Amino acid sequence: MGDRVPAELPAVSLGDYAARARAVLPRDVWDYLAGGSASEVTLAANRHALDRVAVLPRVLRGVDTVDLSADLLGRRYAMPVGVAPMAYQRLVHPDGEVGLAAAAGAAGIPYLASTLSSTPIEEVTEAGADVWFQLYWLRDRALVRDLLDRVVAAGARALVVTVDVPVLGRRPRDLRNAFRLPPEVVAANLPEGRDALAHSGSPGESAIAAHTAASFAPALRWADLAWLRQQVDLPLVVKGLLDPRDAIEAVRVGADAVVVSNHGGRQLDGAPPSVTMLPEVVDAVGDGCQVLLDSGVRSGTDVLRALALGAAGVLVGRPLLWALAVGGESAARDALTVLVAELTDALTLAGCADLAAAGELRTLGVGDK
């Protein structure tokens, strides 16, 4: 995955950024980004499952040019990709969230800003991308209400509620490293002092986990999601579903989209790879809402796999953080240019002039059709 690509040569795949990022980041930061929960079984399974999806190409379709554009949540984007929500992006580069959001804006795709962003939402929305705000449910509902008001005032285009983090998954790499945030990186969307726990810790403990436990409400229920639906007149996305029954319930409470995700293998270890549940969720919701795939997406071929299995689009996370670490906004722009080239090539070779044609392809392996 790019280990043999000399650093002075241009990256030609998203994987090329991984080894370069590992070389420039402190070990504990790399482990925080790359690691998963428990034995990291689900982390590895995400990749293995995607590699098992074979796409049956069509030929002699007269494909000369390819249209990558996608309708997501009622808006038109340059390709069916969003930047996954990821916390504390200034950990890897001073450009942080603003740099990655600007790269997304230049690529014409949405940027999902995390509750645990190291840059305030008001600054992220000024970077030039369509911003979808990712919400972690906080213990203080008044604080949730205040945050929602800020998100709307800042011009966010959608609200994405992450529902698979009642508590932070036990992440051995962070525990071994006694991982904590450096002083200059803060949870910028939370009131002053709320992130103090994230900067201090003891051997064998994760300061990030302690901060999350103190800040997040573990007992989120469907009624809370229904309440949220009434508070904000924005498209609502529910992220972190694997069971089709939960996807049906999300549609019932008013979700406009669901994201099939196991949190990149960072929550319940032993949960299934996201892509294995994608076809069942797509079948369960029907026309009730859009379905996106998250966890393990590393290439244009993976995007094609998701489209062929019925997804409206995907979220890409770690590879874009690798690129940000290597060269800030500029490298993130380059990485998204690589992804455009990969997806264009994959669609062309599969005989697809557009995303609708990709959705009609047969697959073998996962979700045979």
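Anyway, here's the lowdown on the structure attached to this text. (Residues numbered from 1 in each chain as written. Predicted model: local features only at pLDDT ≥ 70, side-chain atom pairs only at ≥ 80, totals over all residues. Heavy atoms only, no water.)

Time to look at the overall build of the chain. On a plain count of helices and strands, the chain comes out with 14 helices and 12 strands. Compactness check: the chain gives a C-alpha radius of gyration of 19 Å against a globular reference of 21 Å for 369 residues, within 12% of the reference. For the chain, the spread of C-alpha atoms along the principal axes amounts to about 60 × 50 × 40 Å. Carbon and sulfur atoms make up 52% of the accessible area of the chain, which amounts to about 14900 Å² in all. (Helix = DSSP H or I, 4+ residues; strand = E, 2+ residues; numbered from the N terminus. Rg over C-alpha atoms; globule rule 2.2 N^0.38 Å. Areas by Shrake-Rupley, 256 points an atom, 1.4 Å probe, with all protein chains shown as cover.)

To continue, consider the pattern of salt bridges. Tallied over the entire structure, the rule returns 19 salt bridges. The partner of Asp149 in a salt bridge is Arg145, and the shortest N-O contact between them spans 2.8 Å. Taken as a pair, Asp149 and Arg145 lie in helix α6 (residues 141-154) at a separation of 4 residues, close to a single helical turn. Its salt-bridge partner being Asp243, residue Arg245 comes within 2.6 Å of it at the nearest N-O pair. Arg245 sits in the exposed class, given a relative accessible area of 64%. What you see here is one network of salt bridges that share partners, running through Arg27, Asp31, Glu40 and Arg173. (Salt bridge = Lys/Arg side-chain N within 4 Å of Asp/Glu carboxyl O. Buried < 20%, exposed > 50% of the residue type's maximum accessible area, 1.4 Å probe, protein only.)

Here the focus is empty space enclosed by the protein. Taken as a whole and assessed by the stated rule, the structure comprises 1 cavity of 30 Å³ or more. In this structure, the largest cavity is lined by 32 residues; those nearest its centre are Pro85, Met86, Ala87, His263 and Arg266. Elements with a minimum of two residues in the lining of the largest cavity: α2 (27-34), α8 (207-215), β11 (313-316) and α13 (318-349). Grouping the amino acids of the lining of the largest cavity by side-chain chemistry returns 17 nonpolar, 9 polar and 6 charged. (1 Å grid on protein atoms, 1.4 Å probe; cavity = no way out; pocket = protein on both sides within 12 Å on 5 of 7 lines; lining within 4 Å. Points joined across faces, edges and corners; volume = space filled by probe spheres on them. Nonpolar A, V, L, I, M, F, W, Y, C, P; charged D, E, K, R; others polar.)

For the rest of this paragraph, the subject is the packing of helix α4 (residues 96-107) against α13. For any two helices packed against each other, one specifies the crossing angle of their axes together with the interaxial distance. α13 packs onto α4 with a crossing angle of 25° between their chain directions and a minimal axis gap of 8 Å. Here α13 runs roughly parallel to α4, going by the angle between their axes. When you trace α4 past α13, the crossing you get is left-handed. Across the interface between the two elements, Gly96, Gly99, Leu100, Ala102, Ala103, Ala104, Ala106 and Ala107 of α4 pack against Leu320, Leu324, Glu329, Ala332, Arg333 and Leu336 of α13. In the contact of α4 with α13, the residues fall into 10 nonpolar, 2 polar and 2 charged. (Axes fitted to C-alpha atoms, helices over the stretch in contact; angles between N-to-C directions. Parallel < 35°, antiparallel > 145°, perpendicular 65-115°, else oblique. Left-handed = near helix turned anticlockwise from the far one by under 90°. Contact = heavy atoms within 4.5 Å.)

Attention now moves to unusual backbone geometry. With a phi angle near 50°, Tyr88 is a residue other than glycine that sits in the positive phi range. Looking at the secondary structure, you find Tyr88 in the loop between β4 (81-83) and α4. Exposure remark for Tyr88: the relative accessible area of 2% places this residue in the buried category. In this structure, Ser295 is a non-glycine residue whose phi angle is positive, near 100°. Within the secondary structure, Ser295 is located in the loop between β10 (290-293) and α12 (300-308).

In this section: the pairing of strand β8 (residues 236-241). With respect to burial, β8 is a largely interior element, 6 of its 6 residues being buried. Here strand β7 (residues 158-162) pairs with β8 via 4 bridges, running parallel. Within the sheet, the bridge partner assigned to Leu159 lies in β8 and is Leu236. As paired elements, β8 and strand β9 (residues 257-260) share 4 bridges and run parallel to each other. For Val238, the partnering residue across the bridge sits in β9 and is Val258. (Pairing = 2+ DSSP bridges.)

Another aspect to go through is the packing of aromatic side chains. For the structure on display, the rule yields 5 aromatic pairs. Seen from their ring centres, Tyr77 and Trp132 are 6.3 Å apart, and the 70° between their planes marks the pair as edge-to-face. Here Trp132 lies in strand β6 (residues 131-135) and Tyr77 lies in strand β3 (residues 75-77), a separation of 55 residues in the sequence. For Trp132, a relative accessible area of 2% puts it in the buried group. With a centroid separation of 5.8 Å and 80° between ring planes, the pair formed by Trp137 and Trp227 is classed as edge-to-face. Of the two residues, Trp137 is situated in the loop between β6 and α6 and Trp227 in helix α9 (residues 222-231); the sequence distance between them amounts to 90 residues. Under the relative-accessibility criterion, Trp227 is labelled partly exposed at 23%. (Phe/Tyr/Trp six-rings, centres within 6.5 Å; stacked < 30°, edge-to-face > 60°.)

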